[in-house]
Amino acid sequence: MALLCTPSKLRHSMLLVGVALMLGMHLSAASLDDDIEIRWGASHTYFFMDGDTESLALSLDDEQGGSCFRSKEMFLYGTISLDIKLVEGNSAGVVATAYTISEGPWSYHDEIDLEFLGNLTGEPITLHTNIFVNGVGGREQQFYLPFDPTADYHTYTIEWNPKYILIRVDGKAIRAFKNYEQYGVPFPTWQQQRLYGSLWDADEWATQGGRIKTDWSEAPFVAYYRNYNFTWCQPSPGVSWCGAEPKDSKRFDLDQKTLGELWWASQQYRIYDYCSDHKRFNESDFPKECSLQRQGL
């Protein structure tokens, strides 16, 4: 639920407006509002025109627990992309997100996470990814990005079809989670999900395991979102929808370009993979999908 402005929050909102105007940004009702809705922190958000592009700013300070939006529509299989410009400067303890999540009981919810873990000025921001199926997560992979994600907008994409969940950055695949249901590994196939984006304080764990705390003297922290796009998953000709795609169909197989991008990301940018964490798992305790991947299945 969006929060109402108290006088102090109203002053903060006016400060954000002033900052936007000083930066030459034109405030606008923006048609982005047709596709998303503010869930909380309404007094800490604003729509504006960044050049010719409608954008949304999410803000966080020490008076309020950040801000959040969600898509108005839910979907089962499709591709979501969003341009994000992350918090500049010292963002230690601050987390910006873009994730999809089902809205049924929490005990068996599905979720695809992109969380950007803030850091000290000049230190790399970590892209933390995770996938929950039937209420169970623990499938973390983390990446350093090959650019400064605070200097400009970059495009982050979640591609979800019956065979794979793909995460892309600027169009290039960095992570794939394969559907191994035939081997007893859960995969999200039946619950609709909705996109959420948020900015919040997580200094108990976000930066260097919680050793570096949020410096509230740097507030307000602001992240920017724009160019939200969604396209439904497209099945093979003659198939009614992606969920009805035949099991032996090659419609969603990964091409060589995507496989090459995934290999490159694993070698150059990935800094953590739960399937390689021998401190966390004994050899016999690794999640089943990890051994299936090693077998090339």
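Coordinates for the structure precede this section.
Residues numbered from 1 in each chain as written. Predicted model: local features only at pLDDT ≥ 70, side-chain atom pairs only at ≥ 80, totals over all residues. Heavy atoms only, no water.

Student: Honestly, the sheet that holds strand S16 (residues 270–273) in this entry has me stumped. Any pointers?
Tutor: Two pairing modes exist for strands in a sheet, parallel and antiparallel, and in both the strands are linked by backbone hydrogen bonds. Taken in spatial order, the eight strands of this open sheet run S2-S5-S14-S7-S8-S9-S10-S16, and their pairing is antiparallel. Every other strand in the sheet has two partners, leaving strand S2 (36–40) and S16 as the edge strands with one partner each. Going from strand to strand, the sheet's axes swing by 15° on average, the running direction of each strand aside. Pairing analysis gives four bridges linking S2 to strand S5 (residues 67–71), with the strands arranged antiparallel. Looking across to S5, one finds that Ile36 is bridged to Ser71. (Pairing = 2+ DSSP bridges. Helix = DSSP H or I, 4+ residues; strand = E, 2+ residues; numbered from the N terminus. Axes fitted to C-alpha atoms, helices over the stretch in contact; angles between N-to-C directions.)

Student: I would appreciate a short explanation of the state of the cysteines in the present structure.
Tutor: Throughout this description, disulfide means a covalent bond between two cysteine sulfur atoms. Tallying each qualifying case throughout the model produces two disulfides. The side chain of Cys233 participates in a disulfide bridge whose partner is Cys242; the two sulfur atoms lie 2.0 Å from each other. Handedness of the Cys233-Cys242 disulfide follows from its S-S torsion of about -95°: it is left-handed. A relative accessible area of 16% places Cys233 in the buried class. Linked covalently through their sulfurs, Cys275 and Cys290 form a disulfide whose S-S length is 1.9 Å. Between Cys275 and Cys290, the S-S torsion sits near -75°, and that sign places the bridge as left-handed. Pair noted here: Cys275 is in the loop between S16 and helix H3 (288–294) and Cys290 is in helix H3, with a separation of 15 residues, a long-range link. (Disulfide = S-S within 2.5 Å. Buried < 20%, exposed > 50% of the residue type's maximum accessible area, 1.4 Å probe, protein only.)

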